[in-house]
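For reference, the chains in residue letters:
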Amino acid sequence: MTMTLIADAQVDVDAEGFLTNPEQWNEQIAAQIARDNAVSELTDRHWLVVRFMRDRYLASGTAPSIRSLGKESGVPIKELYQLFPKGPAKLAAKIGGIPKPKGCI
Amino acid sequence: MARKQIVILGGGTGGTMTANRLRRRFDPDEAEIHVVDRDDRHVYQPGLLFVPFGLAQLEEIVRPRRRQFRNGLVFHENEVDEVSIEGDEVRLDDGTVLPYDVLIVATGVQLQPEETEGLTGPGWNERVFTFYSPEGAEGLRGALERFDGGRLVVNLVDMPIKCPVAPLEFAFLADWYLRERGIRTRTELVYATPLDGAFTKPIASEHLAGLLAEKEVELVTEFNAGEVDGVGGKLGAYDGRDLDFDLLVTIPLHGGAAYVERSPGLGDALGFVPTDKQTLQTTAKPNVFALGDATDLPTSKAGSVTHFEGEVLTENIVRYFAGKELDSSYDGHANCFIETGFHKALLIDFNYDTEPLPGHFPTAVGLPLLRESRLNHLGKLMFQWVYWHALLPGREIPGIGPAMPSTGKKHTPVPT
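The following refers to the structure shown. Not measured: the values here are computed from a predicted model.

Broken down by element type, chain A carries five helices and two strands. Counted from the first residue to the last, chain A has its helices and strands arranged as β-β-α-α-α-α-α. Over its C-alpha atoms chain A spans a radius of gyration of 13 Å, differing by no more than 12% from the 13 Å that the globule rule assigns to 105 residues. In chain A, buried positions account for 34% of the 105 residues.

Here it is as structure tokens:
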């Protein structure tokens, strides 16, 4: 775990750049992480997913899987991949300032 | 005092074992125990893996559910229509109403191949198969017999699935089978997974990826299958990647039993039942418990897990009735043999906090962990006998308790 500076804020991140302490997050940090990961602008649809991820994590301690995102966030899986190319669940978690989702076993 | 009513939904591994254990803990005049299942076919699910290769027959692995119950249980062969959490009762499809003092949800998961676009369309059960159902496994046996080389793709659509190691075992056994038949050189074997490695836990994942490479199975990671063209032989991922196949072995999406979604307050969006990790009491209501694949617990959906959970669950039903504090000792213990072909197998043993490690099980002089051996293969074969004759009847297996043993394991720092 290391400290780093994102959008002028000191935050704790893991080796892959996921915030390890969700309380250090803010919207500027989200926008910066998004830009660093090839999402140039966070639209309302992006925010819908990011906030859903974050709220769910803070309430339950686990981040939703891509499947639950598709079922519950109101954004279908195909669109999730357009919004967050490659790995929507991971990228939305990163932007939302929550730890990297663990694949369940 | 009126007899306690205990209703168990599901007569599979968890339901049968729990019904039999509770029958021993309570006298017939203390508690009436009902078990509900929609059919009378108890499948020894670990056996399904062997059916496609002709190494097991369906007749051997399917037995009547009724025959696995102790005397003094009431079995209802019927679908569950709905559970009323508020009214403490279960309604069955034929209109029967079963009021309960304690409900145990043990209905496992159902396969949902229709949730993936095109999966059950043209080509389904012709060049697209799953070995996760008896019929699918039998169909795949025929398809493998007719298979004469080409691209064989094994794909798990998304977690969670039952027995997360089974798709890997299928790839290992397919490699062996194809070599025996002399057509391995003209077969490309591909393993496509949504995970970022062969398996979820780092040390085991590395071992298993090494085995795939050794057996010349191509590993494709972070592949989230979204679409299947069973006629054209194409498996498409949401990110735009395509995999061509001549034969596709799919592990479809899993969800909870259909009635869970119909019953307000019982399950989550995928039909799994939110359950306390340590006590197995659900969050739905204090008199509702769950075990096995039906729960949302962050551990493997596997018979071994259900078995270990069962001991804690049974104790907690007794404590619940006695008004005592629940036992919160379930640690997420799971234990799986992984068939690797050529009469060998690996064994992994882990829990919520400890990932699968090398060493020996259950103590330093037991079966080798995370290493291929003939002994593990024999263990896997022998386990079927243990399942029918010790596990389901609810007998203890000497030397194997619910908590994960640590003594035989080599603890090395986990890479973070």
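Before going further, it helps to spend a moment on the overall build of chain B. Helix and strand counts for chain B stand at eight helices and 24 strands. Against the compact-globule benchmark of 22 Å for 416 residues, chain B has a radius of gyration of 21 Å, which places it among compact chains. Seen through its principal axes, chain B has C-alpha atoms that stretch 70 × 50 × 40 Å. Taken over 416 residues, chain B has a buried fraction of 48%. If you take every contact in chain B between residues at least 6 apart in sequence, the share linking residues at least 24 apart comes to 67%.

Taken together, the contacts link 15 residues of chain A with 17 residues of chain B. For the side of chain A that touches chain B, the elements supplying multiple residues, two or more each, are helix H3 (66-72) and helix H4 (77-83) of chain A. Broken down by class, the residue content of the side of chain A that touches chain B amounts to six nonpolar, four polar and five charged.

To continue, consider the pairing of strand S6 (residues 80-84) of chain B. Pairing between S6 of chain B and strand S7 (residues 89-92) of chain B: four bridges, direction antiparallel. The residue bridging Val83 of chain B from the neighbouring strand is Val90 of chain B, located in S7 of chain B.

What counts and what doesn't
Residues numbered from 1 in each chain as written. Chains lettered and ligands numbered in written order. Predicted model: local features only at pLDDT ≥ 70, side-chain atom pairs only at ≥ 80, totals over all residues. Helix = DSSP H or I, 4+ residues; strand = E, 2+ residues; numbered from the N terminus. Rg over C-alpha atoms; globule rule 2.2 N^0.38 Å. Buried ≥ 20, exposed ≤ 12 C-beta atoms within 10 Å, placed from the backbone. Contact = placed C-beta atoms within 7 Å. Nonpolar A, V, L, I, M, F, W, Y, C, P; charged D, E, K, R; others polar. Pairing = 2+ DSSP bridges.

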